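# Observations on the three-dimensional arrangement
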Amino acid sequence: MDLTFKFASIPHIIFGASKLNELYNIIPKFGKNVLYVIGGKSLKESGKWDEIVNAMEKKSVNISIISVYGEPTPTLIDEAVAKYKSRNIDLVVGIGGGSVTDAGKAISAMILKKDSIRNYLEGIGNKIHDGKKIPYIAVPTTSGTGSEATKNAVISEVGPEGFKKSLRHDNLIPNYAIVDPELVLSSPPSVSAACGMDAFTQLLEAYVSPRTSPITDALAFTGMRYVKDAIIPACSTHALDIGVRSAMAYGSLISGIALANAGLGIVHGLASSLGGLFEIPHGVACGTLLAESTKINITQLQKSGDAGKKGLLKYAMVGALLAGKEGYENVDVSYHCSILIETLEKWTIDLNIDRLGRYGITIKEVDKIVEKAGLKNNPVQLRREDIMEIVRNRI
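Let me begin by describing the structure that accompanies this report. (Residues numbered from 1 in each chain as written. Predicted model: local features only at pLDDT ≥ 70, side-chain atom pairs only at ≥ 80, totals over all residues. Heavy atoms only, no water.)

Taken together, the side chains of Leu-3, Phe-5, Phe-7, Ile-10 and Ile-215 make up a nonpolar region of the molecular surface, amounting to roughly 420 Å² of accessible area. If you trace the backbone, Phe-5 turns up in the segment before β1 (12-15). Exposure remark for Phe-5: the relative accessible area of 37% places this residue in the partly exposed category. (Patch = residues over 30% accessible without salt bridge, like charges linked within 9 Å, V, L, I, M, F, W, Y side chains within 5 Å. Areas by Shrake-Rupley, 256 points an atom, 1.4 Å probe, with all protein chains shown as cover. Salt bridge = Lys/Arg side-chain N within 4 Å of Asp/Glu carboxyl O. Helix = DSSP H or I, 4+ residues; strand = E, 2+ residues; numbered from the N terminus. Buried < 20%, exposed > 50% of the residue type's maximum accessible area, 1.4 Å probe, protein only.)

Printed below as a string of structure tokens:
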């Protein structure tokens, strides 16, 4: 067994109910001028924003605010940087979903630069970011992207020639990640469902990735163990159960750590393409494609003979986990692969995950979607026809 691997840094993680309070003691260590990047309305409606403002006043901290609506664009980042570049910002704090977390990460990374973020986006610009940034604290209010633990910020521009690309550097990992499940309690069922499916997608894709290591395997598997029993209750009968929300928050956090080190497969390759071309939430794109992509991957692994055995065993182990069994001795590869597919299909239905057609996507767009899709860390090489089938079957 080859145990050669690399493992990226992770933030200083503070996890648990009511841990938002620790933010107020951490902030003064960085300085008096803080830029908050928050969502459009949920944080303010929850009453938490008033609590934060009052705490900042008591600490004599000067705060500035940027509200992010939807996924961050190059224009949003460039305008924010231009506005606050001369304000001597000591710290950026992002409190919100994955889009807010990524926006804050990008602003902290670009505020020391003199040009547009476009120049540093993978596949778009011709510059590599040097990692110099303003310190950044990420506080997620959804359980999905795990962006609080990753080294990249995803930036989107939607349109016929649109894109969804990353600003990336090892040093862009947040200095602190404060994961307080109480902040997720107000998340509506549709958002919780899409985010939950995104988190499970990231855990599963990292687990079966060719870049996997014993560390990412252990992390991804424990993340799936927590998510499997919490994802449906979190979106229905136990939405206000802090234990259930903690399990989902843990799975999301771990998914970010796992994907940063093992990479992701065809689901995220397609989600990136879809997100550049259409106004579709990232979690919905991942959630609606997960079961179909897993089924196609397993089918192609079964056709590849000995080369597919490792990938099939990993998928089967996840199926056994979902069936309440764990360990190599309990795995029937064919049976437990089918259990995995059936469970993911059931989740997709039970969580009311939208089909692609809900966002104006038709059969006519399949070619363009597939043309822009990546396949970097998929467990098996898929043909163009296979990827087209995945998309068609979810329209």
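Back to the write-up after that little detour.
With six of seven residues buried, strand β2 (residues 33-39) is to be regarded as a mostly interior element. Bridging between β2 and strand β3 (residues 62-68) involves seven bridges; their strand directions are parallel. Bridge pairing in β3 links Gly-39 to Val-68. (Pairing = 2+ DSSP bridges.)

Attention shifts here to helix α3 (residues 48-58). Taken together, the buried positions of α3 are occupied by Trp-49, Ile-52, Val-53, Ala-55 and Met-56. The arc enclosing the buried residues of α3, seen along the axis, measures out at 160°, which places them on a common side. α3 presents Glu-57 and Lys-58 as exposed residues on the side facing more than 90 degrees away from its buried surface. On its buried face, α3 sits against α1 (23-26), β2, α2 (42-45), β3 and β4 (91-96). Ser-60 sits one or two positions beyond α3 and adopts a positive phi of about 55°. (Arc of directions from axis to C-beta. Contact = heavy atoms within 4.5 Å.)

Regions of empty space are outlined by a rolling probe, equal in size to a water molecule, passed over the atoms. Taken as a whole, this structure holds four cavities of 30 Å³ or more when the rule is applied. Taken as a whole, the largest cavity encloses approximately 70 Å³ of empty space. Lining the largest cavity are 13 residues, and of these Glu-205, Val-267, Thr-294, Asn-297 and Tyr-315 lie nearest its centre. The set of elements that each furnish at least two residues to the lining of the largest cavity consists of α6 (189-208) and α10 (282-303). Sort the elements by how many residues they give to the lining of the largest cavity and α10 lands first, with four residues. Grouping the constituent residues of the lining of the largest cavity by class yields six nonpolar, six polar and one charged. (1 Å grid on protein atoms, 1.4 Å probe; cavity = no way out; pocket = protein on both sides within 12 Å on 5 of 7 lines; lining within 4 Å. Points joined across faces, edges and corners; volume = space filled by probe spheres on them. Nonpolar A, V, L, I, M, F, W, Y, C, P; charged D, E, K, R; others polar.)

This part takes up the sheet that holds strand β8 (residues 176-179). The strand order β1-β8-β5-β4-β2-β3 describes an open sheet built from six strands, whose pairing is parallel. One side of each edge strand has no neighbouring strand; the edge strands of this open sheet are β1 and β3. For this sheet the average axis-to-axis angle between neighbouring strands, irrespective of direction, equals 15°. In terms of strand pairing, strand β5 (residues 136-140) meets β8 through two bridges, oriented parallel. Bridge pairing in β8 links Ala-138 to Ala-177. The sheet strands contacting helix α8 (residues 242-262) are β1 and β8, and the helix crosses β1 at an angle near 170°. (Axes fitted to C-alpha atoms, helices over the stretch in contact; angles between N-to-C directions.)

So, on to the packing of aromatic side chains. Overall, the coordinates contain six aromatic pairs when judged by the stated rule. For the pair Tyr-36 and Trp-49, a centre-to-centre distance of 5.3 Å together with 80° between the ring planes defines the contact as edge-to-face. A residue pair is termed long-range when its members are at least 10 positions apart, and Tyr-36 in strand β2 and Trp-49 in helix α3 qualify at 13 residues. Both rings, one in Tyr-226 and one in Tyr-250, keep their centres 4.7 Å apart while their planes meet at 55°; by these two values the pair is tilted. With Tyr-226 in helix α7 (residues 214-234) and Tyr-250 in helix α8, this pair connects stretches of sequence that are 24 residues apart. (Phe/Tyr/Trp six-rings, centres within 6.5 Å; stacked < 30°, edge-to-face > 60°.)

Relative to the helices and strands, Ser-293 is located in helix α10. Apart from residues lying up to four places away in sequence, Ser-293 is in contact with Ile-266, Val-267 and Ile-390.

Phe-200, Leu-204, Met-224 and Leu-274 are the most contacted members of the largest nonpolar core, which totals 75 residues. The contact partners of Met-224, leaving out residues within four places of it in the chain, are Phe-200, Leu-203, Leu-204, Tyr-207, Val-318 and Leu-321. Counting residues in each nonpolar core, the second largest holds 28 residues, with Ile-77, Ala-103, Ile-111 and Leu-172 among its members. (Core = buried A, V, L, I, M, F, W, Y, C linked by side-chain atoms within 4.5 Å.)

A word on the pattern of salt bridges. Here the structure, examined in full by the defined rule, presents 18 salt bridges. Where Lys-19 meets Glu-22, a salt bridge forms, and the shortest distance between an N and an O atom there is 3.3 Å. According to the relative accessible area criterion, Glu-22 is partly exposed, its value standing at 31%. Close ionic contact of Arg-383 with Asp-386 constitutes a salt bridge, the shortest N to O distance being 2.8 Å. Residues participating in the shared-partner salt-bridge network are Glu-292, Lys-295 and Glu-345.

The backbone phi angle of Ser-60 is positive, close to 55°, even though this residue is not glycine. Here Ser-60 is to be found in the loop between α3 and β3. Positive phi, close to 55°, is recorded for Asn-88, a residue that is not glycine. Assignment of secondary structure puts Asn-88 in the loop between α4 (74-84) and β4.

What follows concerns the packing of α6 against α8. Running from N to C, α6 and α8 cross one another at 40°; their axes reach a closest spacing of 8 Å. The orientation of α6 with respect to α8, classified from their angle, is oblique. In the crossing of α6 with α8, the sense of the turn from one axis to the other is left-handed. For the pair α6 and α8, the contacting residues are Ser-192, Gly-196, Ala-199, Gln-202, Leu-203 and Ala-206 in the first and Arg-245, Met-248, Gly-251, Ser-252, Ile-254, Ser-255, Gly-256, Ala-258, Leu-259 and Ala-262 in the second. The residue makeup of the contact of α6 with α8, split by class, is eight nonpolar, seven polar and one charged. (Parallel < 35°, antiparallel > 145°, perpendicular 65-115°, else oblique. Left-handed = near helix turned anticlockwise from the far one by under 90°.)

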